[in-house]
There are 2 protein chains.
Amino acid sequence: MTEEDRKIRIRDVTDVLELIGGRWRGPILAYLCESPRRFSELKDTLEGITPRILIKELRYLEMNKMVYSEKSTISGNSVVYGLTEHGESIESVIVAIHAWAKEHRMKVFTDQ
Amino acid sequence: MTEEDRKIRIRDVTDVLELIGGRWRGPILAYLCESPRRFSELKDTLEGITPRILIKELRYLEMNKMVYSEKSTISGNSVVYGLTEHGESIESVIVAIHAWAKEHRMKVFTDQ
DNA sequence: CAGGATCCATATGGATACTG
DNA sequence: CAGTATCCATATGGATCCTG
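None of the values given here were measured: they were computed from a predicted structure. (Residues numbered from 1 in each chain as written. Chains lettered and ligands numbered in written order. Predicted model: local features only at pLDDT ≥ 70, side-chain atom pairs only at ≥ 80, totals over all residues. Heavy atoms only, no water.)

Give me the lowdown on the protein's contact with DNA strand C, citing residues and values where you can.
Neighbouring residues of DNA strand C: 19 residues in total, closest Ser40(A), Arg52(A), Tyr81(A), Arg23(B) and Arg52(B). When atoms of DNA strand C within 4 Å of the protein are split into backbone and base, the sugar-phosphate part holds 61%. Taking Tyr81(A), its side chain carries an N or O atom lying 2.6 Å from a phosphate oxygen of DNA strand C. Between DNA strand C and Trp24(B) there is a distance of 2.9 Å, counted from a phosphate oxygen to a side-chain nitrogen or oxygen. Mapped onto the surface near DNA strand C, the elements with two or more residues apiece are α3 (39-45), α4 (51-63) and β3 (79-83) of chain A together with α4 (51-63) of chain B. Split into classes, the residues belonging to the surface near DNA strand C amount to 7 nonpolar, 5 polar and 7 charged. (Near = heavy atom within 4 Å. Polar contact = N/O pair within 3.5 Å; in protein donor to acceptor, adjacent residues only side chain to side chain. Helix = DSSP H or I, 4+ residues; strand = E, 2+ residues; numbered from the N terminus. Nonpolar A, V, L, I, M, F, W, Y, C, P; charged D, E, K, R; others polar.)

So this is what it looks like as C-alpha coordinates:
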(Lines give C-alpha, C1' and ligand atoms only; values in the text may rest on other atoms or scores of the structure.)
Protein backbone atom coordinates (compact mmCIF):
# COMPACT_ATOMS: atom_id res chain seq x y z
CA MET A 1 0.00 0.00 0.00
CA THR A 2 1.36 3.38 -0.90
CA GLU A 3 1.54 6.24 1.53
CA GLU A 4 -1.15 7.92 -0.53
CA ASP A 5 -3.52 4.95 -0.31
CA ARG A 6 -3.00 4.82 3.41
CA LYS A 7 -4.01 8.42 3.82
CA ILE A 8 -7.10 7.95 1.72
CA ARG A 9 -8.13 4.98 3.81
CA ILE A 10 -7.61 6.88 7.02
CA ARG A 11 -9.55 9.80 5.59
CA ASP A 12 -12.40 7.47 4.68
CA VAL A 13 -12.64 6.18 8.20
CA THR A 14 -12.57 9.71 9.56
CA ASP A 15 -15.33 10.84 7.25
CA VAL A 16 -17.64 7.90 7.77
CA LEU A 17 -17.23 8.03 11.51
CA GLU A 18 -18.04 11.70 11.44
CA LEU A 19 -21.20 10.89 9.53
CA ILE A 20 -22.45 8.07 11.73
CA GLY A 21 -20.56 8.86 14.93
CA GLY A 22 -21.45 11.02 17.86
CA ARG A 23 -23.86 10.12 20.56
CA TRP A 24 -27.00 9.60 18.46
CA ARG A 25 -26.44 9.40 14.73
CA GLY A 26 -25.56 5.71 14.68
CA PRO A 27 -28.49 4.73 16.89
CA ILE A 28 -30.90 6.80 14.81
CA LEU A 29 -29.74 5.15 11.60
CA ALA A 30 -29.79 1.71 13.19
CA TYR A 31 -33.34 2.23 14.35
CA LEU A 32 -34.52 3.56 11.01
CA CYS A 33 -32.99 0.56 9.23
CA GLU A 34 -35.98 -1.37 10.46
CA SER A 35 -38.67 0.95 9.13
CA PRO A 36 -39.56 4.64 8.90
CA ARG A 37 -40.63 6.17 12.18
CA ARG A 38 -42.38 9.20 13.53
CA PHE A 39 -40.61 11.84 15.56
CA SER A 40 -42.20 10.66 18.75
CA GLU A 41 -41.33 7.03 18.10
CA LEU A 42 -37.72 8.04 17.68
CA LYS A 43 -37.87 10.13 20.80
CA ASP A 44 -39.36 7.30 22.85
CA THR A 45 -37.12 4.52 21.59
CA LEU A 46 -33.86 6.44 21.72
CA GLU A 47 -33.94 6.60 25.45
CA GLY A 48 -32.54 9.77 26.86
CA ILE A 49 -32.56 11.91 23.75
CA THR A 50 -34.19 15.31 24.00
CA PRO A 51 -36.28 16.84 21.20
CA ARG A 52 -33.69 19.48 20.55
CA ILE A 53 -30.91 16.98 19.97
CA LEU A 54 -33.16 14.67 18.02
CA ILE A 55 -34.27 17.29 15.54
CA LYS A 56 -30.71 18.56 15.21
CA GLU A 57 -29.36 15.13 14.35
CA LEU A 58 -32.22 14.39 11.99
CA ARG A 59 -31.52 17.62 10.13
CA TYR A 60 -27.85 16.77 9.95
CA LEU A 61 -28.67 13.38 8.49
CA GLU A 62 -31.10 14.97 6.05
CA MET A 63 -28.45 17.42 4.93
CA ASN A 64 -26.19 14.49 4.27
CA LYS A 65 -28.88 12.72 2.31
CA MET A 66 -29.09 9.79 4.66
CA VAL A 67 -32.59 10.52 5.90
CA TYR A 68 -35.74 11.99 4.41
CA SER A 69 -38.74 13.40 6.18
CA GLU A 70 -42.33 13.75 5.12
CA LYS A 71 -45.57 14.78 6.71
CA SER A 72 -47.58 11.73 7.43
CA THR A 73 -50.52 11.37 5.09
CA ILE A 74 -52.40 9.45 7.71
CA SER A 75 -52.33 11.47 10.85
CA GLY A 76 -52.68 15.21 11.02
CA ASN A 77 -49.46 16.70 12.22
CA SER A 78 -47.06 13.84 12.54
CA VAL A 79 -43.86 13.63 10.55
CA VAL A 80 -42.22 10.46 9.36
CA TYR A 81 -38.50 9.97 9.03
CA GLY A 82 -36.91 7.20 7.01
CA LEU A 83 -33.71 6.23 5.30
CA THR A 84 -33.11 7.41 1.77
CA GLU A 85 -31.86 4.89 -0.72
CA HIS A 86 -28.51 6.26 0.14
CA GLY A 87 -29.10 5.95 3.85
CA GLU A 88 -30.14 2.35 3.48
CA SER A 89 -26.75 1.50 2.11
CA ILE A 90 -25.22 2.28 5.49
CA GLU A 91 -26.92 -0.80 6.80
CA SER A 92 -23.88 -2.77 5.68
CA VAL A 93 -21.84 -0.91 8.27
CA ILE A 94 -24.50 -1.22 10.94
CA VAL A 95 -24.66 -4.95 10.31
CA ALA A 96 -20.90 -5.23 10.76
CA ILE A 97 -21.17 -3.31 14.00
CA HIS A 98 -23.94 -5.56 15.28
CA ALA A 99 -22.00 -8.65 14.35
CA TRP A 100 -18.89 -7.41 16.08
CA ALA A 101 -20.81 -6.34 19.15
CA LYS A 102 -22.52 -9.69 19.46
CA GLU A 103 -19.20 -11.46 19.28
CA HIS A 104 -17.18 -9.16 21.48
CA ARG A 105 -19.24 -7.07 23.79
CA MET A 106 -18.70 -9.43 26.68
CA LYS A 107 -14.96 -9.31 26.35
CA VAL A 108 -14.63 -5.60 26.01
CA PHE A 109 -17.47 -3.97 27.79
CA THR A 110 -17.82 -6.10 30.85
CA ASP A 111 -14.45 -7.04 32.21
CA GLN A 112 -13.18 -3.62 33.04
CA MET B 1 -38.23 -7.93 16.52
CA THR B 2 -39.24 -7.34 20.10
CA GLU B 3 -38.89 -4.02 21.80
CA GLU B 4 -36.20 -5.58 23.95
CA ASP B 5 -34.18 -6.75 20.95
CA ARG B 6 -34.42 -3.33 19.45
CA LYS B 7 -32.99 -1.71 22.50
CA ILE B 8 -30.15 -4.17 22.65
CA ARG B 9 -29.31 -3.49 19.03
CA ILE B 10 -29.36 0.24 19.60
CA ARG B 11 -27.24 -0.18 22.66
CA ASP B 12 -24.73 -2.22 20.67
CA VAL B 13 -24.36 0.51 18.11
CA THR B 14 -23.95 3.09 20.84
CA ASP B 15 -21.25 1.07 22.56
CA VAL B 16 -19.25 0.18 19.48
CA LEU B 17 -19.35 3.73 18.20
CA GLU B 18 -18.14 4.95 21.52
CA LEU B 19 -15.24 2.53 21.29
CA ILE B 20 -14.16 3.35 17.75
CA GLY B 21 -15.70 6.80 17.37
CA GLY B 22 -14.37 10.21 18.16
CA ARG B 23 -11.87 12.09 16.13
CA TRP B 24 -8.98 9.62 16.20
CA ARG B 25 -9.83 6.18 17.51
CA GLY B 26 -11.12 4.83 14.20
CA PRO B 27 -8.18 6.17 12.23
CA ILE B 28 -5.71 4.76 14.75
CA LEU B 29 -7.28 1.32 14.56
CA ALA B 30 -7.49 1.48 10.77
CA TYR B 31 -3.83 2.34 10.55
CA LEU B 32 -2.78 -0.37 12.97
CA CYS B 33 -4.76 -2.95 11.01
CA GLU B 34 -1.93 -2.88 8.54
CA SER B 35 0.89 -3.53 10.97
CA PRO B 36 2.18 -2.46 14.37
CA ARG B 37 3.68 1.01 14.45
CA ARG B 38 5.84 3.19 16.58
CA PHE B 39 4.52 6.24 18.35
CA SER B 40 6.24 8.54 15.91
CA GLU B 41 4.88 6.69 12.91
CA LEU B 42 1.40 7.10 14.27
CA LYS B 43 2.02 10.74 14.96
CA ASP B 44 3.34 11.39 11.48
CA THR B 45 0.71 9.43 9.57
CA LEU B 46 -2.30 10.65 11.52
CA GLU B 47 -1.92 14.13 10.22
CA GLY B 48 -2.88 16.79 12.69
CA ILE B 49 -2.83 14.70 15.84
CA THR B 50 -0.82 16.04 18.75
CA PRO B 51 1.22 13.81 21.06
CA ARG B 52 -1.09 14.52 23.95
CA ILE B 53 -4.16 13.33 22.11
CA LEU B 54 -2.34 10.41 20.57
CA ILE B 55 -1.13 8.99 23.86
CA LYS B 56 -4.53 9.58 25.41
CA GLU B 57 -6.33 7.65 22.70
CA LEU B 58 -3.75 4.87 22.72
CA ARG B 59 -4.20 4.46 26.46
CA TYR B 60 -7.95 4.39 26.03
CA LEU B 61 -7.64 1.67 23.41
CA GLU B 62 -5.23 -0.24 25.62
CA MET B 63 -7.66 -0.05 28.51
CA ASN B 64 -10.29 -1.51 26.24
CA LYS B 65 -7.95 -4.29 25.17
CA MET B 66 -7.90 -3.26 21.55
CA VAL B 67 -4.26 -2.23 21.47
CA TYR B 68 -1.09 -3.40 23.16
CA SER B 69 2.19 -1.59 23.54
CA GLU B 70 5.69 -2.85 24.00
CA LYS B 71 9.14 -1.37 24.10
CA SER B 72 10.84 -2.11 20.87
CA THR B 73 13.53 -4.74 21.23
CA ILE B 74 15.39 -3.27 18.32
CA SER B 75 15.78 0.39 18.96
CA GLY B 76 16.56 1.92 22.32
CA ASN B 77 13.63 3.97 23.45
CA SER B 78 10.96 3.45 20.87
CA VAL B 79 7.60 1.92 21.69
CA VAL B 80 5.53 -0.18 19.35
CA TYR B 81 1.74 -0.23 19.30
CA GLY B 82 -0.29 -2.94 17.67
CA LEU B 83 -3.69 -4.53 17.67
CA THR B 84 -4.42 -7.25 20.18
CA GLU B 85 -6.12 -10.36 18.90
CA HIS B 86 -9.22 -8.67 20.07
CA GLY B 87 -8.39 -5.43 18.31
CA GLU B 88 -7.80 -7.25 15.07
CA SER B 89 -11.37 -8.43 15.04
CA ILE B 90 -12.53 -4.86 14.61
CA GLU B 91 -11.10 -4.99 11.13
CA SER B 92 -14.43 -6.42 9.99
CA VAL B 93 -16.05 -3.12 10.86
CA ILE B 94 -13.24 -1.07 9.34
CA VAL B 95 -13.56 -3.07 6.15
CA ALA B 96 -17.28 -2.35 6.00
CA ILE B 97 -16.55 1.34 6.49
CA HIS B 98 -13.96 1.34 3.74
CA ALA B 99 -16.31 -0.45 1.38
CA TRP B 100 -19.11 1.96 2.09
CA ALA B 101 -16.84 4.97 1.75
CA LYS B 102 -15.50 3.82 -1.58
CA GLU B 103 -19.01 3.36 -2.88
CA HIS B 104 -20.57 6.47 -1.44
CA ARG B 105 -18.10 9.14 -0.54
CA MET B 106 -18.67 11.00 -3.78
CA LYS B 107 -22.38 11.17 -3.27
CA VAL B 108 -22.33 12.24 0.31
CA PHE B 109 -19.20 14.15 0.95
CA THR B 110 -18.81 16.17 -2.19
CA ASP B 111 -22.14 17.53 -3.27
CA GLN B 112 -22.98 19.63 -0.30
C1' DC C 1 -47.39 15.67 18.40
C1' DA C 2 -43.54 18.13 16.32
C1' DG C 3 -40.37 21.23 17.18
C1' DG C 4 -38.35 25.79 18.94
C1' DA C 5 -35.94 28.75 22.66
C1' DT C 6 -32.75 29.31 26.46
C1' DC C 7 -29.50 28.27 29.39
C1' DC C 8 -25.72 25.69 30.88
C1' DA C 9 -22.03 21.89 32.08
C1' DT C 10 -18.47 19.53 30.46
C1' DA C 11 -16.00 16.68 27.42
C1' DT C 12 -13.16 16.94 23.51
C1' DG C 13 -9.54 18.17 21.41
C1' DG C 14 -6.15 21.70 19.70
C1' DA C 15 -1.61 24.77 20.50
C1' DT C 16 2.70 25.11 22.41
C1' DA C 17 6.45 24.20 25.02
C1' DC C 18 9.03 21.15 27.70
C1' DT C 19 11.48 16.64 29.68
C1' DG C 20 13.87 12.01 30.32
C1' DC D 1 11.87 9.38 20.28
C1' DA D 2 8.22 9.00 23.55
C1' DG D 3 5.90 11.14 26.13
C1' DT D 4 4.16 15.38 29.87
C1' DA D 5 2.39 19.77 31.29
C1' DT D 6 -0.47 23.93 30.70
C1' DC D 7 -3.62 26.47 28.83
C1' DC D 8 -7.59 27.29 26.22
C1' DA D 9 -11.60 27.34 22.53
C1' DT D 10 -15.52 25.35 21.26
C1' DA D 11 -18.48 21.72 20.03
C1' DT D 12 -21.54 18.57 22.05
C1' DG D 13 -25.14 17.52 24.30
C1' DG D 14 -28.28 17.81 28.41
C1' DA D 15 -32.37 20.21 31.18
C1' DT D 16 -36.38 22.68 31.06
C1' DC D 17 -39.94 25.10 29.41
C1' DC D 18 -42.65 26.83 25.70
C1' DT D 19 -45.65 26.92 21.20
C1' DG D 20 -48.31 26.16 16.69
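Let's hear about the sheet that holds strand β2 (residues 67-71) of chain A: which residues, and what values?
Residue and element names in this part refer to chain A. Reading across from one edge, β1-β3-β2 is the order of the 3 strands in this open sheet, with antiparallel pairing throughout. A strand with exactly one partner marks an edge of an open sheet, and here the two such strands are β1 (37-38) and β2. Pairing geometry for β1 and β3, over 2 bridges, is antiparallel. Looking at the pairing, Arg38 lines up with Val80 of β3. (Pairing = 2+ DSSP bridges.)

Please provide a residue-by-residue account of the interface of chain A and chain B, values included.
Facing the 46 residues of chain A at the interface are 45 residues of chain B. At the boundary of chain A with chain B, total buried surface from both sides reaches about 4,200 Å², with 66% on carbon and sulfur atoms. Where chain A touches chain B, the interface holds 4 salt bridges. When the shortest N-O distance is used, the salt bridge between Arg6(B) and Glu34(A) registers 2.3 Å. In this structure, the connection of chain A to chain B is made through 10 residue pairs in polar contact (both at pLDDT 80 or more). At the level of elements, α1 (3-20), α2 (25-34) and α6 (91-110) of chain A are the ones that each hand at least two residues to the side of chain A that touches chain B. (Contact = heavy atoms within 4.5 Å. Buried area = accessible area lost by both parts, 1.4 Å probe. Salt bridge = Lys/Arg side-chain N within 4 Å of Asp/Glu carboxyl O.)

I'd like to hear about the packing of aromatic side chains, residue by residue, with values.
As enumerated under the stated definition, the model contains 0 aromatic pairs over all chains in all. Sitting above the plane of the Trp24(B) ring, Arg23(B) keeps its charged end 4.0 Å from the centroid. (Phe/Tyr/Trp six-rings, centres within 6.5 Å; stacked < 30°, edge-to-face > 60°. Lys NZ or Arg CZ within 6 Å of the ring centre and 35° of its normal.)

Help me get a handle on the protein's contact with DNA strand D, residues and values and all.
Contacts to DNA strand D come from 19 residues, most closely from Arg23(A), Trp24(A), Arg52(A), Ser40(B) and Tyr81(B). For DNA strand D, the backbone makes up 60% of the atoms found within 4 Å of the protein, where backbone means sugar plus phosphate. Between Arg52(A) and DNA strand D, the recorded distance is 2.5 Å, taken from a side-chain N or O atom to a base oxygen. Here a base oxygen of DNA strand D and a side-chain polar atom of Asn77(B) are 3.3 Å apart. Contributions of two or more residues to the surface near DNA strand D are made by α4 of chain A together with α3 (39-45), α4 and β3 (79-83) of chain B. Within the surface near DNA strand D, the residues separate by chemical class into 7 nonpolar, 5 polar and 7 charged.

An account of the packing of helix α2 (residues 25-34) of chain B against α4(B) is needed here, citing residue identities and associated values.
When two helices pack together, their arrangement is given by the angle between their axes and by how far apart the axes lie. Residue and element names in this part refer to chain B. Interaxial distance between α2 and α4 falls to 10 Å at its minimum, and their mutual angle equals 75°. It follows from the interaxial angle that α2 and α4 lie roughly perpendicular. Packed against α2, whose contacting residues are Arg25, Ile28 and Leu29, the element α4 presents Leu54, Glu57, Leu58, Tyr60 and Leu61 at the interface. Its residues assigned to classes, the contact of α2 with α4 shows 6 nonpolar, no polar and 2 charged. (Axes fitted to C-alpha atoms, helices over the stretch in contact; angles between N-to-C directions. Parallel < 35°, antiparallel > 145°, perpendicular 65-115°, else oblique.)

Break down the relation of the copies chain A and chain B for me, citing the residues and quoting the values.
Mapping one chain copy onto the other needs a rotation about an axis and a shift along that axis. Expressed as a screw operation, the relation of chain A to chain B combines 0.0 Å of axial shift with a rotation of 180°, fitting to an RMSD of 0.0 Å. Considering both components of the superposition, the chain copies are consistent with a two-fold axis. Minimal C-alpha separation from the rotation axis in chain A is found for Gly21(A), amounting to 2.9 Å. A share of 98% of interface residues in chain A that are also interface residues in chain B marks the association as one of identical surfaces. (Least-squares fit on C-alpha atoms with pLDDT ≥ 70 in both.)

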